[in-house]
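Examining the three-dimensional arrangement
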Amino acid sequence: MSALSSLQRPLITRSSLHRRLPLSPPPPPPADRLCLRPPNPHHSRRFEIRALDVAQPFDLESRFSDRFQKSSKLKIAIIGFGNFGQFLAKTLIPQGHTILAYSRSDYSDVAASLGASFFSDADDLCEEHPEVILLCTSILSTEKVLRSLPFQRLKRSTLFVDVLSVKEFPRSLLVQMLPLDFDILCTHPMFGPESGKDGWNKLPFVYEKVRIGTDESRVSRCEKFLDIFAKEGCRMVEMSCADHDRHAAGTQFITHTMGRILEKLKLESTPINTKGYETLLDLVENTASDSFDLYYGLFMYNKNALEELERLDLAFESLKKELFGQLHDILRKQLFGKAEGSEGSEDLESQNN
């Protein structure tokens, strides 16, 4: 009986047990998966975003961006880290360029405050292999400084850039002294720490590509340097050094000359300043803040300056003659008018008699 009853019991198999047990709900999707729509039980596959597209330092996109940023920056050695060299560095460094400063005077503290590296030894500076040598020396000391640089420690394709206020002189000097492998770019930012203190927008920047290699990297390096000033809004003027000096003699040298003359007059502000007088005071301030060596350099190393000085002298003499001539006529009438009138009447009476 027991055997029969045991045979009559239904067999419990794995499939029947699975049908009898309650089905457990499917596990929730992992937290890092974002489902675009609720899961459909009739579909075995679902379209899921397993990771959001966030730029990571190791991503290809991030690496390309970092590489582009680095490729657009330059390692620039500023030779002559005085007033003007520091003025340029204050703009070059925020743009991301690496600045190496070199000067006879110790400006290590100033360089550190700006984010530049200071070198007191030219050999150590050149061992850093800067891409650009930016000459910010005075006009009078340029040749001496150039002769002191160890060219053999630089890369053979280094770009030399000058920012002197005269152009034919440094152009000739660089062409004669530099090895043929070096590139030469002559420039003149026609502003300074005073006139450019509120920004460089619309201020003229004159340049001549004297000698630039045809390699793509060298052409690109030159454009990157010029782009420093273009980004600041400068009015970029490509012009030969000879044309620059001819124009500058009639503008910059005359401006500095008039400022120096007015400085000799010791002009002072008054309670009744006119706008014209305020302009003269500003001219004195802008020109007198520059060293006399700069003014002397504008005269000595621009062959057109002497001609402009002579023209200025002739113009002043002509103006004095015009003033004194008019004054002479007025005084003559005041002093001799009555006498000449009486003499004329006496001559007329004698003729009538």
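Residues numbered from 1 in each chain as written. Predicted model: local features only at pLDDT ≥ 70, side-chain atom pairs only at ≥ 80, totals over all residues. Heavy atoms only, no water.

**Considerations on the packing of helix α10 (residues 241-264) against helix α12 (residues 292-300)**
Two numbers describe how α10 lies on α12: the axes approach to 10 Å, and their chain directions differ by 135°. With respect to α12, the axis of α10 lies oblique. In this structure, α10 meets α12 at a crossing whose hand is left-handed. Residues Gln 252, Phe 253, His 256, Thr 257 and Arg 260 of α10 touch α12, and the partners they reach there are Phe 292, Leu 294, Tyr 295, Leu 298 and Phe 299. Partitioned by chemical class, the residues of the contact of α10 with α12 number six nonpolar, three polar and one charged. (Axes fitted to C-alpha atoms, helices over the stretch in contact; angles between N-to-C directions. Helix = DSSP H or I, 4+ residues; strand = E, 2+ residues; numbered from the N terminus. Parallel < 35°, antiparallel > 145°, perpendicular 65-115°, else oblique. Left-handed = near helix turned anticlockwise from the far one by under 90°. Contact = heavy atoms within 4.5 Å. Nonpolar A, V, L, I, M, F, W, Y, C, P; charged D, E, K, R; others polar.)

**A word on the environment of Leu 226**
Take Leu 226: it is sitting in helix α9 (residues 216-231). Owing to a relative accessible area of 5%, Leu 226 belongs among the buried residues under this scheme. Through-space distance from the C-alpha of Leu 226 to that of Met 236 is 8.5 Å; in sequence the pair is ten residues apart. Sequence-distant contacts of Leu 226, that is, excluding residues within four places in its chain, are made with Leu 185, Phe 205, Tyr 207, Lys 209 and Met 236. (Buried < 20%, exposed > 50% of the residue type's maximum accessible area, 1.4 Å probe, protein only.)

**Observations regarding the pattern of salt bridges**
Scanning the entire structure with this criterion turns up 14 salt bridges. The salt bridge involving Asp 123 is made with Arg 153; its shortest N-O contact spans 2.6 Å. Of the two residues, Asp 123 sits in helix α6 (residues 122-127) while Arg 153 sits in the loop between α7 (142-148) and β7 (159-162), which places them 30 residues apart along the sequence. For Arg 153, a relative accessible area of 32% puts it in the partly exposed group. For the salt bridge of Glu 317 with Lys 320, the shortest nitrogen-to-oxygen distance reads 3.2 Å. Note that Glu 317 and Lys 320 are positioned in helix α13 (residues 305-352) at a spacing of three residues, about one turn of the helix. Residues participating in the shared-partner salt-bridge network are Asp 123, Glu 127 and Arg 153. (Salt bridge = Lys/Arg side-chain N within 4 Å of Asp/Glu carboxyl O.)

**What to know about the sheet that holds strand β4 (residues 98-102)**
The strand order β5-β4-β3-β6-β7-β8-β9-β10 describes an open sheet built from eight strands, whose pairing is mixed. Edge positions in the open sheet fall to β5 (117-119) and β10 (235-238), since each of these has one partner strand only. Averaged over all adjacent pairs, the angle separating strand axes in this sheet is 25°, with direction ignored. The pairing of strand β3 (residues 75-79) with strand β6 (residues 132-135) spans four bridges and is parallel. Residue pairing in the sheet places Ile 76 in a bridge with Val 132 of β6. Taken strand by strand, helix α4 (residues 83-92) contacts β3, β4, β6 and β8 (183-189), and its axis lies near 165° from that of β3. (Pairing = 2+ DSSP bridges.)

**A look at the packing of aromatic side chains**
One pass over the full model with this rule turns up 16 aromatic pairs. Aromatic pair Phe 253 and Phe 299: ring centres 6.1 Å apart, planes at 25°, arrangement stacked. You can see Phe 253 sitting in helix α10 and its partner Phe 299 sitting in helix α12, a full 46 residues away along the chain. Taking relative accessible area as the criterion, Phe 299 reaches 29% and is therefore assigned partly exposed. Members of the aromatic cluster, connected to one another through ring pairs, are Phe 84, Phe 87, Phe 191, Trp 200, Phe 205, Tyr 207, Phe 225 and Phe 229. (Phe/Tyr/Trp six-rings, centres within 6.5 Å; stacked < 30°, edge-to-face > 60°.)

**Side note on the nonpolar core**
Judged by nonpolar contacts, the single largest core of 33 residues is most densely connected at Ile 79, Leu 146, Phe 151, Phe 160, Leu 174 and Leu 178. Looking at this core element by element, the count peaks at four residues for helix α8 (residues 168-177). Among residues more than four places away in sequence, those in contact with Phe 160 are Ile 133, Leu 135, Leu 146, Leu 149, Phe 151, Leu 154, Leu 174, Leu 178, Phe 182, Asp 183, Ile 184 and Leu 185. (Core = buried A, V, L, I, M, F, W, Y, C linked by side-chain atoms within 4.5 Å.)

**Remarks on the packing of α10 against helix α11 (residues 275-288)**
The interhelical angle for the contact between α10 and α11, taken along N-to-C directions, is 105°, at an axis separation of 8 Å. By the angle class used here, α10 and α11 are roughly perpendicular. When α10 is examined against α11, the residues Thr 255, His 256, Met 258, Gly 259, Arg 260, Leu 262 and Glu 263 are found in contact with a partner set consisting of Leu 280, Leu 283, Val 284, Thr 287 and Ala 288. Residues belonging to the contact of α10 with α11 are distributed by class as follows: six nonpolar, four polar and two charged.

**Examining α8**
Taken together, the buried positions of α8 are occupied by Phe 169, Pro 170, Leu 173, Leu 174 and Met 177. Down the axis of α8, the sector holding all buried residues measures 120°, keeping them to one side. Each element contacted by the buried residues of α8 is listed here: β6, α7, β7 and β8. (Arc of directions from axis to C-beta.)

**Quick notes on the side chain of Thr 142**
One can find Thr 142 in helix α7. Among the polar contacts listed, one links the side chain of Thr 142 to the backbone oxygen of Ser 138, at a separation of 2.8 Å. The contact partners of Thr 142, leaving out residues within four places of it in the chain, are Thr 137, Leu 164, Phe 169 and Leu 173. (Polar contact = N/O pair within 3.5 Å; in protein donor to acceptor, adjacent residues only side chain to side chain.)

**Some details on α11**
Spanning 14 residues, α11 covers 20 Å between terminal C-alpha atoms, matching the ideal 20 Å at 1.5 Å per step. Within the span of α11, buried status applies to Leu 281, Val 284 and Thr 287. Projection of α11 onto a plane perpendicular to its axis shows the buried side chains occupying an angular sector of 140°, all on one side. (Expected span 1.5 Å × (residues − 1).)

Everything listed here is a matter of geometry and, on its own, says nothing about what the molecule does.
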